[in-house]
Amino acid sequence: MQPKIMMKKKSISASKASLVLFLCQMISALDVPLDLSQPPTITQQSPKDYIVDPRENIVIQCEAKGKPPPSFSWTRNGTHFDIDKDAQVTMKPNSGTLVINIMNGGKAEAYEGVYQCTARNERGAAISNNIVIRPSRSPLWTKEKLEPNQVREGDSLVLHCRPPVGLPPPIIFWMDNAFQRLPQSERVSQGLNGDLYFSNVQPEDTREDYICYARFNHTQTIQQKQPISVKVFSMDSLNDTIAANLSDTDIYGARPVTERQPVLLTPTGSTSTKVELRGNVLLLECIAAGLPTPVIRWIKEGGELPANRTFFENFKKTLKITDVSEADSGNYKCIARNTLGSAHHVISVTVKAAPYWITAPRNLVLSPGEDGTLICRANGNPKPSISWLANGVPIAIAPEDPSRKVDGDTIIFSQVQERSSAVYQCNASNEYGYLLANAFVNVLAEPPRILTPANKLYQVIADSPALLDCAYFGSPKPEIEWFKGVKGSILRGSEYIFHDNGTLEIPVAQKDSTGAYTCVARNKLGKIQNEVQLEIKDPTVIIKQPEYKVIQRYGQVSFECIIKHDSTLLPTVIWLKDNDELPDDERFLVGKDNLTIMNVTDKDDGTYTCIVNTTLDSVSASAVLTVVARPNPPFDLELTGQLERSVELSWIPGDENNSPITNFVIEYEDGLHEPGVWHYQTEVPGTQTTVQLKLSPYVNYSFRVIAVNEIGRSQPSEPSEQYLTKSANPDENPSNVQGIGSEPDNLVITWESLKGFQSNGPGLQYKVSWRQKDVDDEWTSVIVANVSKYIVSGTPTFVPYEIKVQALNDLGYAPEPSEVIGHSGEDLPMVAPGNVQVHVINSTLAKVHWDPVPLKTVRGHLQGYKVYYWKVQSLSRRSRRHVEKKILTFRGNKTFGMLPGLEPYSTYKLNVRVANGKGEGPASPDKVFRTPEGVPSSPSFLKITNPTLDSLTLEWGSPTHPNGVLTSYILKFQPINNTHELGPLVEIRIPANESSLILKNLNYSTRYKFYFNAQTSVGSGNQITEEAVTIMDEVQPLYPRIRNVTTAAAETYANISWEYEGPDHAHFYVEYGVAGSKEDWKKEIVNGSRSFFVLKGLTPGTAYKVRVGAEGLSGFRSSEDVFETGPAMASRQVDIATQGWFIGLMCAVALLILILLIVCFIRRNKGGKYPVKEKEDAHADPEIQPMKEDDGTFGEYSDAEDHKPLKKGSRTPSDRTVKKEDSDDSLVDYGEGVNGQFNEDGSFIGQYSGKKEKEPAEGNESSEAPSPVNAMNSFV
């Protein structure tokens, strides 16, 4: 593919610029300066056909120039119009414009007529066109009785508008009562005459508000016709309506809506004529009736419709040709066509022409004794006649002038004198109009004048033409000479061109052409000169042009346009697509030197042009963008060579869309078994358009073809004709045959049924056969319908069976099927695993062994072994928790497994069970084992209190998980100076039964850091840290501190809580990381000033370090604490019914309901209030109780649909108490990680929310009343 790159350069085209300048200056040369005597010239006048608004003043314009200034007069209907005698008419000062006062009592109709203005001075008289004044009219619609239109469905209909005749004619449109335009289409449309045409009516056309509107633009009024009613009857409803009044033979019958071939509604007949004037718009119309709706086509007999001037409107029912000329005359045929036939009409068009100028007369300036001519030439159809007037009087009766001679369309002047000055009028007229032109002859004797401004600067691009202006006037006409520089010689030679209007042209200006140029004008009455300046600029050049691009759809493409230009010129860059503006699309990004198109689509294909403009030149360069896309679908599919098991398919490829077709994909549809579903058949190379296809019996084939290129797949082709193959025996048997029992005494045989086309014929069935394996049994067979399952009952439990399924149809059996092995149903295993042994590896891990059960006792497919284990008692604590059984599953025939995540120093029990597909077998006897001691967890808290000058008091809590017998505590501490450097470390061993210690002999006003951990016989546990300061001068320091950081961890989260002493409104953060890791601390911001936080997303079975800090307190953090998340349990299964908390909760709920029922019964007998009501009054929770706005007492319960706000009581939280609404991180969401359970003791508010009389509030209604919600939220 050859690149298509186009570049063009233009620097204000020499020919075009010189022609424009030449013509402009020729006209300028004939303009007499206004300070010289000259006849009048009409400069402004009203249009020939002047329609005025009858409600406004009439202004008839007539402006003229001349020396001396002209006077004005008017004629009306050919006679003098004396404006002084009409008080309603005035003439503007220094003007001929008339103002007729209509708004103060005048009537526009009284001033209808033909007006003509005359401008006169001592040198002649100029006249205006005949101005026809007519007031606009918007008459009302004539009253008429409109009968409802009752039309049979499918028939044609015309709704007549017949608007009143207005001036100018009104604009017609149809609307409904809601002032909505009625929708129009190929079936329903408005004609040029305003009527509404229905090619065929449909039931939805029934309505009573078809309204024709006429808009009169001049008076800005709209007239409305009475609504027209249309009722469309279907054949059935029409027969029902008229059956009672007509005999059977008169009824239309039960025939459906009849399709009809086209018939023209307008124009009528086979031919018509149309006359249009040259330059106007030709409108031809054809509207046809018919069912289906006809389509209109236009042709010109013996020729082509003119390109670029032909348009189709009103759904191609109107042919529009603009700016018609005589060449457009001829016969135009409209053809209406539908599936039943066609109709046509021929319109003979004749183009006539009002007069138009060939050469209009132009003003003539002569000096005494000179000769000249006035030429007036016009054309038209018919040929116009030419007549001359002198100063508004026919030249035949005008005063004689010996210097003047009339010769048809020319007046010849010889040896003119000053008295020869006059204004001549040329009138060219035919039956379609007239032209009137004024041209004066002005006889003057004037020395030369140069009209071009002095020292005018001209800037021109190098190697382009330079045009230096020297506009002049003089009588007789001056001679012009040009010089370069002040003392240069006269310019001559082929390198210069001298125009008659005084312009000097340098065809190819070079850098050395820069300089001053002098123009000299002289005639016999004098001489004058003028100097102008010329500068030559460097041309603008595109040094990096856009290049041809090929891009895939939805890709991105960029065109470059890098330019070089004269430093004194400011360039602007414009991009065009196909010589038009870029689409208004944000995908087009215009940069300084490039154009980028994002997400390219097919419509972006085209030519892109970069245009660089300066004030002096313009250059451009173009490149083509080719968008490659998927190919068009193949077409014209054909089947040949039909055989029982094969057929030949051929097709014609579609357009490859700039990317070669690589292959064709053939798909088929089985119209007999799966209509509408297409399946892959085969594919062939892109060069091949014929393929031999293998077929299956008893399939109604249709084929389609998809073309593929590098871009993608085409749309599928239209389907081929259908081909039904003959029936035959099945070629194959069902697949995926299986035998699996659903009960211990059955065998369920399943298979995947054959698809419809695989049946090869009607009557598809299956022969199902089975026999027990390894037993000398005969095959048992049944024939079933086209299903996919058969159940064999009464089988032994879990024994193997040989199974086969064979397809058959009405023509016979498929080939012998292969056999598969299945099993009858499973039952629960019979025995438990034996010889269960436990080997404790360490304090958190144990290994369990067992002997496998005999496979015969499994009675099913062995799934594996399940180990149930649970903690019986913690040896380091007397408290007993509810039993939480855990399960580990070991797949397959394994005989051992590991139990991770055990708690140290605890007693456990376990048993083992075997599992098959049916379930689990009996459990082995419980096996008891103990885990040894481990290292303890960190102490639960460390408090440092009672600071003095030289002592501190330490208090601590024992570890939450001792994991053995505590032997001692280890305390280490060291001083910290002001630069946070640590001093010598001191270590103290403390007996395990101690819980406090007073450290003495410390330095005053010194900060110490403490490290504290517990020990068992196994070793030391995780330590917690804390800092404290001794006081100075016995004054309690106000150092802020965070202490007693405690953690409660679960598998993937941990609750962190702390105590804070220091300034109010501290903002806390929590830092954490893996214990022993050198990674940076992770930081979480705490919402508000609460004293707890939940860390989420932790890794199970991992030790973490944590500390708490306060924002804004430099370097201030708590001591570190270490905790470990719980282990991840494999296949953990917890029975909620065995959980202690669940049993306790259920007992509490039952007890509470029983108490409430007793209290309610007692209260009812006493006639008093319910205790629950007293509780609500005494312990009102303002967050969940609605309150009345007037007195604060409790009112009726407000549900979610009540829009009244619920009034909330105020509550000031105590230190470290967090309101529930402050955060979503409530401890309630993480109950597994804290010691204890919380049950909400809420009252039965919803039971007593019905309407009742208001009772006085009793008890304490303070907003500080406690509630279960607050109790829960206050827990830390």
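So, here is what we can say about the structure in this document. (Residues numbered from 1 in each chain as written. Predicted model: local features only at pLDDT ≥ 70, side-chain atom pairs only at ≥ 80, totals over all residues. Heavy atoms only, no water.)

### Notes on the sheet that holds strand β90 (residues 1082–1085)
In step 1: If you trace the four strands from one edge of the open sheet to the other, you get β90-β89-β92-β93, paired in antiparallel fashion. Unpaired on one side and paired on the other, β90 and β93 (1121–1124) mark the two borders of the sheet. Within this sheet the neighbouring strands show an average axis-to-axis angle of 30 degrees, counted without direction.
In step 2: Bridge analysis of strand β89 (residues 1067–1074) against β90 gives four bridges, and the strand direction is antiparallel. Counted as the bridge partner of Glu 1071 is Lys 1083 from β90. (Pairing = 2+ DSSP bridges. Helix = DSSP H or I, 4+ residues; strand = E, 2+ residues; numbered from the N terminus. Axes fitted to C-alpha atoms, helices over the stretch in contact; angles between N-to-C directions.)

### What about a nonpolar patch on the surface?
In step 1: A grouping of Leu 1151, Leu 1154, Ile 1155, Ile 1158, Phe 1161 and Ile 1162 is seen on the molecular surface, where their side chains present a nonpolar patch of about 590 Å² in accessible area.
In step 2: Relative to the elements of secondary structure, Phe 1161 occurs in helix α4 (residues 1140–1166). (Patch = residues over 30% accessible without salt bridge, like charges linked within 9 Å, V, L, I, M, F, W, Y side chains within 5 Å. Areas by Shrake-Rupley, 256 points an atom, 1.4 Å probe, with all protein chains shown as cover. Salt bridge = Lys/Arg side-chain N within 4 Å of Asp/Glu carboxyl O.)

### Brief notes about the packing of aromatic side chains
In step 1: This model, assessed by the stated rule, comprises 24 aromatic pairs.
In step 2: With a centroid separation of 5.8 Å and 80 degrees between ring planes, the pair formed by Phe 198 and Tyr 210 is classed as edge-to-face. Placement of the pair is Phe 198 in strand β17 (residues 196–198) and Tyr 210 in strand β18 (residues 207–216), with a sequence separation of 12 residues.
In step 3: Residue Tyr 210 is classed as buried on the basis of its relative accessible area, which comes to 4%.
In step 4: In textbook terms, an aromatic cluster arises when at least three aromatic residues are bridged by ring pairs, as seen for Phe 173, Phe 179 and Tyr 213.
In step 5: Over the ring of Phe 81 we find Arg 76; its NZ or CZ atom is 5.9 Å from the centre of that ring. (Phe/Tyr/Trp six-rings, centres within 6.5 Å; stacked < 30°, edge-to-face > 60°. Buried < 20%, exposed > 50% of the residue type's maximum accessible area, 1.4 Å probe, protein only. Lys NZ or Arg CZ within 6 Å of the ring centre and 35° of its normal.)

### Here we look at the pairing of strand β52 (residues 572–577)
In step 1: With six bridges joining them, β52 and strand β56 (residues 606–613) adopt antiparallel strand pairing. Of the residues in β56, the one forming a bridge with Ile 574 is Ile 611.
In step 2: In this structure, the hairpin formed by β52 and strand β53 (residues 580–581) is closed by a connection of two residues, where Asp 578 is found at a positive phi of approximately 50 degrees.

### Considerations on the environment of Asn 94
In step 1: Among the secondary structure elements, Asn 94 is positioned in the loop between β8 (89–91) and β9 (98–100).
In step 2: Given the relative accessible area of 81%, Asn 94 is considered exposed.
In step 3: Placed 31 residues apart in sequence, Asn 94 and Glu 63 show a C-alpha to C-alpha distance of 8.8 Å.

### As for the side chain of Glu 1026
In step 1: Topologically, Glu 1026 is positioned in strand β86 (residues 1024–1029).
In step 2: In this structure Glu 1026 comes out as buried when scored by relative accessible area, which is 2%.
In step 3: A polar contact is formed between the side chain of Glu 1026 and the backbone nitrogen of Asn 1044, at a distance of 3.3 Å.
In step 4: Among all residues touching Glu 1026, those that are not within four sequence positions of it are Leu 942, Ile 944, Tyr 1008, Lys 1009, Phe 1010, Ile 1042, Arg 1043, Asn 1044 and Ser 1119. (Polar contact = N/O pair within 3.5 Å; in protein donor to acceptor, adjacent residues only side chain to side chain. Contact = heavy atoms within 4.5 Å.)

### Overview of the state of the cysteines
In step 1: Tallied over the full model, the rule gives six disulfides.
In step 2: Residue pairing for Cys 62: its cysteine sulfur links by disulfide to Cys 117, the two sulfurs lying 2.0 Å apart. Judged by the torsion about the S-S bond (-70 degrees), the Cys 62/Cys 117 disulfide is left-handed. Remark: Cys 117 occurs in strand β10 (residues 113–121) and Cys 62 occurs in strand β5 (residues 62–67); sequence separation between them is 55 residues.
In step 3: Residue pairing for Cys 161: its cysteine sulfur links by disulfide to Cys 212, the two sulfurs lying 1.9 Å apart. (Disulfide = S-S within 2.5 Å.)

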